[in-house]
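Survey of secondary and tertiary structure
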Amino acid sequence: MEQIAISNAAQEHFRKLLDTQEEGTNIRIFVVNPGTPNAECGVSYCPPNAVEESDVEMKYDTFSAFVDEVSLPFLEDAEIDYVTEELGAQLTLKAPNAKMRKVADDASLIERVEYVIQTQINPQLASHGGRITLIEITEDGYAVLQFGGGCNGCSMVDVTLKDGVEKQLVGLFPNELKGAKDVTEHQRGEHSYY
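Summarised in this report is the structure supplied together with it. No experiment lies behind these values; they were computed from the predicted model shown. (Residues numbered from 1 in each chain as written. Predicted model: local features only at pLDDT ≥ 70, side-chain atom pairs only at ≥ 80, totals over all residues. Heavy atoms only, no water.)

So, about the overall build of the chain. Looking only at helices and strands, the chain features four helices and ten strands. The linear arrangement of helices and strands in the chain, starting from the amino end, is β-α-β-β-β-β-β-β-α-β-β-α-β-α. Computed over C-alpha atoms, the radius of gyration of the chain comes to 21 Å, more than 25% over the 16 Å expected from 2.2 N^0.38 for 194 residues, which places it beyond the range of a compact globule. A total of 194 residues make up the chain; the buried ones form 37% of that total. (Helix = DSSP H or I, 4+ residues; strand = E, 2+ residues; numbered from the N terminus. Rg over C-alpha atoms; globule rule 2.2 N^0.38 Å. Buried < 20%, exposed > 50% of the residue type's maximum accessible area, 1.4 Å probe, protein only.)

What follows deals with unusual backbone geometry. Within the chain, asparagine 33 stands out as a residue other than glycine whose phi angle is a positive 55 degrees. A positive phi is found at aspartate 77, a non-glycine position, where the angle reads about 70 degrees. Along the polypeptide, aspartate 77 turns up in the loop between β5 (64-67) and β6 (79-85).

Counted at 1.5 Å a residue, the expected span for helix α2 (residues 109-126) with its 18 residues is 26 Å, and the 24 Å between its end C-alpha atoms agrees. Largest kink in α2: about 40 degrees, centred on isoleucine 117. All buried positions along α2 are accounted for by Leu109, Arg112, Val113, Tyr115, Val116, Ile117, Thr119, Ile121, Asn122 and Leu125. (Expected span 1.5 Å × (residues − 1). Bend = angle between axes of the 7 residues up to and from the residue.)

Here we take up the nonpolar core. Residues Ile4, Ile6, Ile27, Ile29 and Leu75 are the most contacted members of the largest nonpolar core, which totals 21 residues. Mapped onto this core, the elements with two or more residues apiece are α1 (8-18), β2 (26-32) and β5. Setting aside chain neighbours within four positions, we find isoleucine 6 in contact with Gln11, Phe14, Ile27, Ile29, Tyr60, Phe63 and Ile80. Ile121, Leu134, Phe173 and Ala180 belong to the second-largest nonpolar core, a separate cluster that totals 17 residues. (Core = buried A, V, L, I, M, F, W, Y, C linked by side-chain atoms within 4.5 Å. Contact = heavy atoms within 4.5 Å.)

Moving on, we get to the sheet that holds strand β7 (residues 88-94). The strand order across the open sheet formed by three strands is β1-β6-β7, and the pairing between neighbours is mixed. Bordering the open sheet on either side are β1 (5-6) and β7, each of which pairs with just one other strand. As paired strands, β1 and β6 are joined by two bridges and run parallel to one another. Its bridge partner lying in β6, alanine 5 is registered against glutamate 79. The strands that α1 touches are β1, β6 and β7; relative to β6, the one it contacts most, it runs at about 85 degrees. (Pairing = 2+ DSSP bridges. Axes fitted to C-alpha atoms, helices over the stretch in contact; angles between N-to-C directions.)

With respect to topology, three strands assemble into an open sheet ordered β8-β9-β10, the strand pairing being mixed. Among the strands making up the open sheet, the edge pair consists of β8 (130-137) and β10 (179-182). Neighbour to neighbour, the strand axes of the sheet diverge by 35 degrees on average, direction disregarded. In terms of strand pairing, strand β9 (residues 142-149) meets β10 through four bridges, oriented parallel. Note that in β10 the partner of tyrosine 142 across the bridge is glycine 179. The strands that α2 touches are β8 and β9; relative to β8, the one it contacts most, it runs at about 165 degrees.

Pasting the structure below:
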């Protein structure tokens, strides 16, 4: 794994914080409940006596970041920044793979589609309290999806499916997927494709 991208502003912020700690203290970057919908990323102080033998050390200009071996694959493509805005400054940690481990480019279509749903589509739907679950991919290339949460009974579910989810999935898998169907549509046999 490559280093976690820590912006210069964030590195300066960490250095200032570390200067107030015991000498030799670095930072630890971790994921609690990695690979689950409840995954949470965090950063903490890592005093010299808290470094584990299995930790991976990532060296930056003025400090090191330690990551435990369980969190490591879920922090792939993670970025840490320190953003200053009118209302103050804040540390941001983006870890797109925290809830689900990144899949290989040669993984099965269902694994790659599931990864996109968990890391890109569900975070967008979560702002409305909704989510989708991949039920299956039909032999003729349709992703069968089940809407849940705030999407259940929502009058915009068809628009979300066709203009949002389907466009995004077909755009990412143009030679493998023809479209997306709602599981209730699929079960009723509407738009039959058998």
